[in-house]
Amino acid sequence: MENVEVKIDAINNDIASFRLDMIDVYDNMEQMNMSMCSRKSPTSQTMPTEVTVKQSSQTQEVEKRLLSAWQREKKYTRNQYQELVNRIEILEKGQKDLETLSSGQSESIENVLGDLKFLKETVVSNTVNRDEFINIKNQTINVQKKITTMADAQQHLVHNVKGFGEKIQQATQDIKNMVEKVNKIDEIEKKVQTIDTVMNKLKLTFIEIDKLSDEVSCLYPWNNYRESCYYFSNLKLSWKNAMTDCQSKGGSLVEYKNKAEVQDIAKMALSISSENVYWVGATDIEKEGNWKWSKSGSTVNFRYWMDGNPDNYYNEDCMTTQVEDKGIWNDAACHSEKKYICQKAKYVSEMKSHA
Ligand SMILES: [Ca+2]
Ligand SMILES: [Ca+2]
């Protein structure tokens, strides 16, 4: 930089000196021009070489001197000019040098700035690294804390591991018990299901029984005895009409299997009515003396006649029971009108088929 300033000062001095020289040149030229103008030579300023030789010898001498002076000035000026050009060239070169130097300086600053930037980055980088280090350190501390906590927890675990073991054993036993209970529950459930199935069947059976109950029970005015229901009529009808009337109620005139039945049914009749004589289901109307049960067609196979009967007195072909005398039998006239004993089944056979 210092060299450049010196060069610039030198150039400035040269330019100032050149100006002074130029002023001298122009002053001389002014003087020459004034001299030539006084001699009325209008072209002298621009065309000094055209001064004619036709002028007087005195004038020619002056003109020679002026021409010589002009030529010298011209040569001097040319030299000065060349010098100036040279100096300008030097100046321009100096400027180029200065520019180059400045450029170099700029480049240096840029380099320094780059270095500073690098340094800054390095510093920043170092800060980051330090922060990272601090982070790592903090993390390490945290990890250490965690390890300590874990160690404490582990110690605590070790201290209580026996208790845990016992608890686990207890839990295992509880689970086993639960499994057994569950298995038992399964068994019980299966049993319950079986019971449910049975219960459902029983329910159905009960429903069937309920359905049958009306048929099983002998509803009023029918009376229950063993496998049959018995009806003691209020109407007094002939034996045939009695049979028809009984059949219209779903039954037929009573048939006995043995003496006991005769006696029991007689007792039943007495408990209901004060009537003594009732028609029963036997007749010898088809063949005298051959008593048969009318509905079944079977022969009366046991004897329960009152004394002297059946006597067929005025043709008596229909059987009566005298309930006041334990139901003992008599043969009576079939057209005579009497109450009757009607018998119908309880549908026992149907009940058995449902069971
Ligand atoms: Ca008879
Ligand atoms: Ca008789």
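Observations concerning the overall build of the protein chain
Scanning the protein chain for helices and strands turns up five helices and eight strands. Each helix and strand of the protein chain, ordered N terminal to C terminal, gives the series α-α-β-β-α-β-α-β-β-β-β-β-α. Counting all 355 residues of the protein chain, 15% fall into the buried class. Of the contacts made within the protein chain by residues no fewer than 6 positions apart, 67% connect residues no fewer than 24 positions apart.

Points about the environment of C334
Inspection of the secondary structure puts C334 in the loop between β7 (328-332) and β8 (339-345). Separated by 18 residues in sequence, C334 and E316 have C-alpha atoms that sit 6.7 Å apart.

Quick notes on the environment of N234
Mapped onto the elements of the fold, N234 is located in the loop between β2 (228-232) and α3 (239-248). Taking the C-alpha atoms as reference points, N234 and K338, separated by 104 residues in sequence, lie 9.1 Å from one another.

Looking at the confidence of the model for the protein chain
Summary statistics for the protein chain give a mean pLDDT of 73 and a share of 42% for residues scoring 70 or more. Here residues 39-53 is modelled with pLDDT under 50, and outside its nearest four sequence neighbours on either side it reaches 14 contacts, counting other chains as well. In the model, residues 348-355 has pLDDT below 50 throughout and makes six contacts with residues more than four positions away in sequence or in other chains.

Brief notes about the pairing of β8
The buried fraction of β8 amounts to five of the seven residues, a majority that puts the element mostly inside the structure. By the bridge criterion, five bridges tie β2 to β8 in an arrangement that is antiparallel. For Y231, the partnering residue across the bridge sits in β8 and is C342. Pairing of strand β3 (residues 252-253) with β8, which is carried by two bridges, proceeds in the antiparallel orientation. In the sheet register, S252 faces β8, and the bridge partner there is Q343. For strand β4 (residues 277-283) and β8, the ladder comprises two bridges, and the chain directions are parallel. Opposite W279, over in β8, you have Y340 as the bridge partner.

Some thoughts on the nonpolar core
Grouped together as the largest cluster of nonpolar side chains are 31 residues, with contacts concentrated most on Y230, L253, Y278, W279, V280, Y340 and I341. Secondary-structure elements contributing two or more residues to this core are β2, α3, α4 (259-272), β4, β6 (318-322), β7 and β8. Leaving out residues up to four positions away in the same chain, I341 has contacts with Y230, F232, L253, V254, I265, A269, Y278, V280 and T321.

A short note on α3
Those residues of α3 not exposed but buried are W239, A242, M243 and C246. Angularly, the buried residues of α3 cover 100° about the axis, an arc narrow enough to put them on a single face. Seen from the buried face of α3, the exposed residues on the opposite side, beyond 90 degrees, are T244 and S248. As for α3, its buried residues are in contact with β3, β4, β6 and β8. In the segment just after α3, G250 is the residue with positive phi, at about 90°.

What to know about the environment of S336
Mapped onto the elements of the fold, S336 is located in the loop between β7 and β8. In this structure the C-alpha to C-alpha distance between S336 and K236, which are 100 residues apart in sequence, comes to 8.8 Å.

Re the pairing of β2
On a regular strand, one side chain projects to one face of the sheet and the next to the other, so that they alternate. Burial runs high along β2: five of the five residues are buried. Here β2 shows two buried faces, one formed by S228, Y230 and F232 and the other by C229 and Y231. Hairpin remark: strand β1 (residues 223-225) followed by β2, antiparallel, with two residues in the connecting loop; positive phi at R226, about 50°.

Scoring rules and cut-offs
- Residues numbered from 1 in each chain as written.
- Chains lettered and ligands numbered in written order.
- Predicted model: local features only at pLDDT ≥ 70, side-chain atom pairs only at ≥ 80, totals over all residues.
- Helix = DSSP H or I, 4+ residues; strand = E, 2+ residues; numbered from the N terminus.
- Buried ≥ 20, exposed ≤ 12 C-beta atoms within 10 Å, placed from the backbone.
- Contact = placed C-beta atoms within 7 Å.
- pLDDT = per-residue confidence, 0-100.
- Pairing = 2+ DSSP bridges.
- Core = buried A, V, L, I, M, F, W, Y, C linked by C-beta atoms within 7 Å.
- Arc of directions from axis to C-beta.

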